[in-house]
Amino acid sequence: MKKTIISLLIATSFTPFFAYAEEGDWVVRLRAVNVSPNEDSKLGRTVNNVVGASVMTPSAELAVSDKVIPELDISYYITKNIAAELILAVGTRHNVSIQGDRAGVVGNQALGSVNLLPPTLTAQWHFNPDQTFDPYVGAGINYTIMLDRNLKGSAGAINGNKIKIDSDSWGPALQAGFDINLKDGWLINADVKYVWLDTDVKLKGAVTGNAWRKIDSLDINPWVVGIGIGKKF
């Protein structure tokens, strides 16, 4: 009997500290994330077709830099296994440049930067609820808003020519991660997402007869890897 009472006292003392997510709970997480584009660009081939001459190496492409940003997400637990997560982030500014052009007419050069706002909504499956280690997978949709989309050629045949990211982007998103549940509803989180993000890039200048012409279908497709903390409510 004495052992039973002691066991109950121990269990009771730990119950309020480790409160696992249940149906109807909200969880807010704050992460530091690295946005690492996995870009696919056909700039060289497209530009040569547009101007009707070989002004770039066919393998030349647009390169988009990595960026570390803060990310806030809010999750609602429909059941203890299923949660909907809205992922919010400040605008993520990336440097854009031409890389791999060995032809010498356009050349490798910096074009400036673009600012992207990528809210994402996912549905998550938590397949190990009620445990300290709570892994999950998710899938959803992303809408990326191009807040600052203007670039400019800085050298060679496109020096001073205007370049713009032409359109916002809708695309799917995949997610995997885990929470480590701590006392009083706090948790540590690690998370990775892959987001499909594509847009058109257009050029206006002497080489295009001062008309906007499409020069690339740019797939940015970033990996978003983060770590942070969270709190259940």
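Our subject is the structure that appears above.
Residues numbered from 1 in each chain as written. Predicted model: local features only at pLDDT ≥ 70, side-chain atom pairs only at ≥ 80, totals over all residues. Heavy atoms only, no water.

Draft legend 1. Local environment of the overall build of the protein. For the protein, the count of helices and strands is two helices and 15 strands. Each principal axis of the C-alpha atoms in the protein carries an extent, and together these give about 90 × 25 × 25 Å. In the protein, the proportion of contacts linking residues at least 24 apart, taken out of those at least 6 apart, comes to 69%. About 11500 Å² of surface is accessible on the protein, with carbon and sulfur atoms providing 63% of the total. Within the protein, one finds 22 positive and 23 negative side-chain charges whose respective centroids are separated by 4 Å. (Helix = DSSP H or I, 4+ residues; strand = E, 2+ residues; numbered from the N terminus. Contact = heavy atoms within 4.5 Å. Areas by Shrake-Rupley, 256 points an atom, 1.4 Å probe, with all protein chains shown as cover. Lys, Arg positive; Asp, Glu negative; His and termini not counted. Charge placed at Lys NZ, Arg CZ, Asp CG, Glu CD.)

Draft legend 2. Quick look at unusual backbone geometry. At Asp 130, a residue that is not glycine, the phi angle is positive and equals roughly 60°. Residue position: Asp 130 is located in the loop between strand E7 (120-126) and strand E8 (133-148). Here Asp 130 falls in the partly exposed class, since its relative accessible area comes to 27%. With a phi close to 60°, Asn 210 is a non-glycine residue in the positive phi region. As for its position among the elements, Asn 210 is in the loop between strand E13 (198-204) and strand E14 (213-219). (Buried < 20%, exposed > 50% of the residue type's maximum accessible area, 1.4 Å probe, protein only.)

Draft legend 3. Up close: empty space enclosed by the protein. Using the criterion set out here, one finds four cavities of 30 Å³ or more in the structure. Taken together, 20 residues form the lining of the largest cavity, with Val 35, Pro 118, Val 195, Pro 222 and Val 224 sitting closest to its centre. Going through the elements one at a time, strand E1 (26-37), strand E3 (67-77), strand E4 (82-89), strand E5 (92-99), E8, strand E12 (186-195) and strand E15 (222-232) are the ones with two or more residues in the lining of the largest cavity. In terms of residues, the lining of the largest cavity owes the most to one element, E1, which gives three residues. Counted by class, the lining of the largest cavity contains 13 nonpolar, five polar and two charged residues. Empty space within the second largest cavity amounts to approximately 60 Å³. Around the second largest cavity, the lining residues are Leu 43, Val 47, Met 56, Ile 98, Ile 158, Ile 163, Leu 203 and Ile 215. Residues belonging to the lining of the second largest cavity are distributed by class as follows: eight nonpolar, no polar and no charged. (1 Å grid on protein atoms, 1.4 Å probe; cavity = no way out; pocket = protein on both sides within 12 Å on 5 of 7 lines; lining within 4 Å. Points joined across faces, edges and corners; volume = space filled by probe spheres on them. Nonpolar A, V, L, I, M, F, W, Y, C, P; charged D, E, K, R; others polar.)

Draft legend 4. Representation of the pattern of salt bridges within the structure. By the definition in use, this model includes 16 salt bridges. Put simply, Glu 85 and Arg 29 hold a salt bridge, and the shortest N to O gap is 3.1 Å. Taken together, the residues span a long stretch of sequence, with Glu 85 in strand E4 and Arg 29 in strand E1 at a distance of 56 residues. In this structure Glu 85 comes out as buried when scored by relative accessible area, which is 0%. With its nearest N and O atoms 3.4 Å apart, the salt bridge here joins Asp 200 to Lys 214. Of this pair, Asp 200 sits in strand E13 while Lys 214 sits in strand E14; the two residues are 14 residues apart in sequence, bridging distant segments of the chain. In this structure, a network of salt bridges that share partners links the residues Arg 29, Arg 31, Glu 71, Asp 73, Glu 85, Asp 179, Asp 191 and Lys 193. (Salt bridge = Lys/Arg side-chain N within 4 Å of Asp/Glu carboxyl O.)

Draft legend 5. Structural context of the sheet that holds strand E10 (residues 162-165). Reading across from one edge, E9-E10-E13-E14 is the order of the four strands in this open sheet, with antiparallel pairing throughout. At either end of the open sheet lies a strand with only one pairing partner, and these are strand E9 (150-152) and E14. Ignoring strand direction, the axes of neighbouring strands in this sheet form an average angle of 25°. In this sheet, E10 lies alongside E9 in antiparallel orientation, the contact comprising three bridges. Opposite Leu 151, over in E10, you have Ile 163 as the bridge partner. (Pairing = 2+ DSSP bridges. Axes fitted to C-alpha atoms, helices over the stretch in contact; angles between N-to-C directions.)

Honestly, it's all geometry; don't read function into it.
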